[in-house]
Amino acid sequence: VMMKLSKKSVNITNRSTNMSKSKKPILIAIFAVYCAALAYLTLLKGIGATFDMTYAEYIKSNSNIIPFFSFYVFITTPYKSAVVVKYFIINLAGNLLLFLPWGLLLPSIAYKLRSFGRFFVFTSIVIVIIELLQLFLMLGSADIEDYILNILGASIGFWLNKKLLLPRERTE
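Residues numbered from 1 in each chain as written. Predicted model: local features only at pLDDT ≥ 70, side-chain atom pairs only at ≥ 80, totals over all residues. Heavy atoms only, no water.

Tell me about the nonpolar core, and please be specific about residues and values.
Membership of the largest hydrophobic core comes to 21 residues, with the highest contact counts inside it found for Phe31, Leu38, Phe99, Trp102 and Leu106. Of all the secondary-structure elements, those providing two or more residues to this core are helix H2 (23-42), helix H6 (100-109), helix H7 (116-136) and helix H8 (144-171). In this structure Leu106 touches Phe31, Pro101, Leu113, Phe119 and Phe122, once residues within four positions along its chain are discounted. (Core = buried A, V, L, I, M, F, W, Y, C linked by side-chain atoms within 4.5 Å. Buried < 20%, exposed > 50% of the residue type's maximum accessible area, 1.4 Å probe, protein only. Helix = DSSP H or I, 4+ residues; strand = E, 2+ residues; numbered from the N terminus. Contact = heavy atoms within 4.5 Å.)

If you want it as structure tokens, here you go:
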């Protein structure tokens, strides 16, 4: 009986190490570097900026709770300069790509986040915290579109992880 119990407990703990032991530290290191870059791009980059408005004015002018408002403005604007088009595309692609590595790497290093539901909730919490920190610490804006595009990018990364990475891990 003791032999069976110890084998079961070993199986439970080994579930979280589906990948070879040499790959997981590398993925954790890559994820740590990615998280540092993410923190810089979303929070630290805005430190030191000054604004000629009150805190309340800043909050009001740097928050958007209307989904796809910038898409509406972009589509309905009769004349679009190259600068406007470039900013729109960079914002769209940047927000999609920003969390793609998150979805690609996190399920490989955090066993409990291999379920899409758990991954989605955890990632949503992280994105909302980042958006609120940007707004309330006056480091950027809080935009529902950023959340939508970030969670979409993370979900694409999660899907790519399931299709490309995890099947290989199971066979090793």
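Following the structure, the description resumes.
Would you mind going over the environment of Leu113 in detail, with residue names and values included?
With respect to the element layout, Leu113 can be found in the loop between H6 and H7. Judged by relative accessible area, Leu113 falls into the buried class, the value being 12%. In the structure, Leu113 is positioned 10 residues away from Thr123 in sequence and 9.5 Å away in space, judged by C-alpha atoms.

Provide a residue-level description of H7, including the pertinent values.
Side chains three or four residues apart in an α-helix point the same way, a direct result of the helix having 3.6 residues per turn. Compared with the 30 Å implied by 1.5 Å per residue over 21 residues, the 30 Å span of H7 between its first and last C-alpha is a close match. Within the span of H7, buried status applies to Phe119, Thr123, Ser124, Val126, Ile127, Ile130, Glu131, Gln134 and Leu135. Just past H7, the residue Met138 takes up positive phi, approximately 55°. (Expected span 1.5 Å × (residues − 1).)

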